[in-house]
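One-letter residues, chain by chain:
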Amino acid sequence: MKHLDQLDLDILSHLFRDAGMTNKDLAALVGVAPSTCLERVRKLQVEGVLRGAHCDVDHRALGGHIQAMVSIRLARHSRQIMDDLRDAILDLPEVISLFHMGGKDDFLVHLCVTDTDHLRNFVFDHFTSREEVVHLETSLVFEHKFSRTLPCFQGR
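My aim in this report is to walk through the structure given alongside it, one point at a time. (Residues numbered from 1 in each chain as written. Predicted model: local features only at pLDDT ≥ 70, side-chain atom pairs only at ≥ 80, totals over all residues. Heavy atoms only, no water.)

**Quick look at the packing of aromatic side chains**
Right, so step 1: What the rule picks out here adds up to 1 aromatic pair.
Right, so step 2: Judged by centre distance (5.4 Å) and plane angle (90°), the ring pair of Phe122 and Phe127 falls under edge-to-face. (Phe/Tyr/Trp six-rings, centres within 6.5 Å; stacked < 30°, edge-to-face > 60°.)

Set out below in structure tokens:
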């Protein structure tokens, strides 16, 4: 694991809050020249520390009014079954994120749909109908927020 110095951590912290800021603004916030900042950002990208930039979209603006978490338990476990199901789930436009879990459930799927009919049909069509799925539980999401604080585990 690469050691990150304080400048790296400051850059990552600001980008974590707003990945769309300009290099000039980022450099001013961390107190270095724009060329130094750009060099550090590129180095973090090359080293795989900074893996991309993402936008936060309001799903309601796209017609998604209900978010849910669906826990899925499988009857059998093999790499092929797990990989095939994971890939099939991630191809669905309603899926926001997927977690492969340890414990009683194998997957936790965060999804967004238009209404309760869409939710019911989605669960039946994509999960219940699959022979490898033996149990699922759907929970509604009332609120979904992201932390804007960069976790830091160095020095611990």
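Now that the structure has been shown, the text picks up again.
**Some thoughts on the state of the cysteines**
Two cysteines joined by a covalent bond between their sulfur atoms form a disulfide.
Right, so step 1: According to the stated counting rule, one finds 0 disulfides in the structure shown.
Right, so step 2: Cys55 takes part in no disulfide bond, and the closest cysteine sulfur, belonging to Cys112, lies 14 Å away. (Disulfide = S-S within 2.5 Å.)

**Overview of the nonpolar core**
Right, so step 1: Ranked by size, the top nonpolar core spans 21 residues in total, and within it Ile72, Leu74, Ile89, Val109, Leu111 and Phe127 carry the most contacts.
Right, so step 2: Looking at this core, the elements with two or more residues in it are strand 1 (66-74), helix 4 (79-90), strand 2 (95-100), strand 3 (107-113) and helix 5 (116-128).
Right, so step 3: Sorting elements by how many residues they give to this core places strand 1 first, with 5 residues.
Right, so step 4: Non-local contacts of Leu74, meaning those with residues more than four positions away in its chain, are made with Ile81, Met82, Leu85, Asp106, Phe107, Glu132, Val133 and Val134.
Right, so step 5: Judged by nonpolar contacts, the second largest core, of 14 residues, contains Leu9, Leu12, Leu26 and Leu44. (Core = buried A, V, L, I, M, F, W, Y, C linked by side-chain atoms within 4.5 Å. Buried < 20%, exposed > 50% of the residue type's maximum accessible area, 1.4 Å probe, protein only. Helix = DSSP H or I, 4+ residues; strand = E, 2+ residues; numbered from the N terminus. Contact = heavy atoms within 4.5 Å.)

**Some points on helix 3 (residues 34-46)**
Right, so step 1: With 13 residues, helix 3 should cover 18 Å at 1.5 Å per step; its first-to-last C-alpha distance of 18 Å lies within 8% of that length.
Right, so step 2: Listed in full, the buried residues belonging to helix 3 are Cys37, Val41 and Leu44. Buried residues of helix 3, viewed axially, fall in a sector of 60°; they line one side. Seen from the buried face of helix 3, the exposed residues on the opposite side, beyond 90 degrees, are Ser35, Glu39, Arg42 and Val46.
Right, so step 3: On its buried side, helix 3 packs onto helix 1 (6-17) and helix 2 (23-30). (Expected span 1.5 Å × (residues − 1). Arc of directions from axis to C-beta.)

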